[in-house]
Amino acid sequence: MQLNQSQSPETSSAVDAAAAQAARQVAEPTRIFFDGDSTDVRDNYVDLIRDHAERFNSGPGGTLIVSGHANPVEDPEEAVALSMDRTQAVASLLEKFGVQSHRIVRVSHGANAPIADVEDERANWANRCVEIRQGSLTPRQPVWSQRSRKNGARR
């Protein structure tokens, strides 16, 4: 990095450090953890979700990817449904705090994409979460409309 006349080496390294910290915050997802079989967002996460929404709304735009996860259970469809309900709960709060619905991409992984591979059932809490991360600069078309167009059906 070249310095202009007004920057000192100390200022330059401080700016680089701040930029690196900001990049890490954007790249690393925010995780909201849930109690077993629960879709209720705990009170201690509401402020975190509000802060995330405010940062997103004051930024350049794009999308927020909200991805739900669940523990492995006997019925995989049950885990997908539970993780989607958790995703919807977080997305609803983001909307309440001003994020436009079409800028939220909702994904339900169920137990198919674990956050942590755990053998010990006591550590399953790590997979009962929803991740929020910044997406691309342009919102994507909803998945349901892409499917209906591929099949030729229009509603």
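To start, this report covers the structure provided alongside it. (Residues numbered from 1 in each chain as written. Predicted model: local features only at pLDDT ≥ 70, side-chain atom pairs only at ≥ 80, totals over all residues. Heavy atoms only, no water.)

1. Regarding the packing of helix α2 (residues 43–58) against helix α3 (residues 76–96)
- Two elements in contact, α2 and α3, have axes separated by 9 Å at closest approach and are oriented at 55 degrees. With respect to each other, α2 and α3 are oriented oblique. In this structure, α2 crosses over α3, and the sense of that crossing is right-handed. Residues Val46, Ile49 and Ala53 of α2 lie in contact with α3, whose contacting residues are Val90, Leu93 and Leu94.
- Partitioned by chemical class, the residues of the contact of α2 with α3 number six nonpolar, no polar and no charged. (Axes fitted to C-alpha atoms, helices over the stretch in contact; angles between N-to-C directions. Helix = DSSP H or I, 4+ residues; strand = E, 2+ residues; numbered from the N terminus. Parallel < 35°, antiparallel > 145°, perpendicular 65-115°, else oblique. Left-handed = near helix turned anticlockwise from the far one by under 90°. Contact = heavy atoms within 4.5 Å. Nonpolar A, V, L, I, M, F, W, Y, C, P; charged D, E, K, R; others polar.)

2. Examining the sheet that holds strand β3 (residues 104–110)
- Within the open sheet, the four strands sit side by side as β1-β4-β2-β3. Their pairing is mixed. Bordering the open sheet on either side are β1 (30–33) and β3, each of which pairs with just one other strand. Going from strand to strand, the sheet's axes swing by 20 degrees on average, the running direction of each strand aside.
- As judged from the six bridges shared by strand β2 (residues 64–69) and β3, these two strands associate in the parallel manner. Within the sheet, the bridge partner assigned to Gly68 lies in β3 and is Ser108.
- Its contacts with the sheet place α2 against β1, β2 and β4 (129–134), and it is angled at close to 150 degrees to β1. (Pairing = 2+ DSSP bridges.)

Shape is all these values report; function is a separate question.
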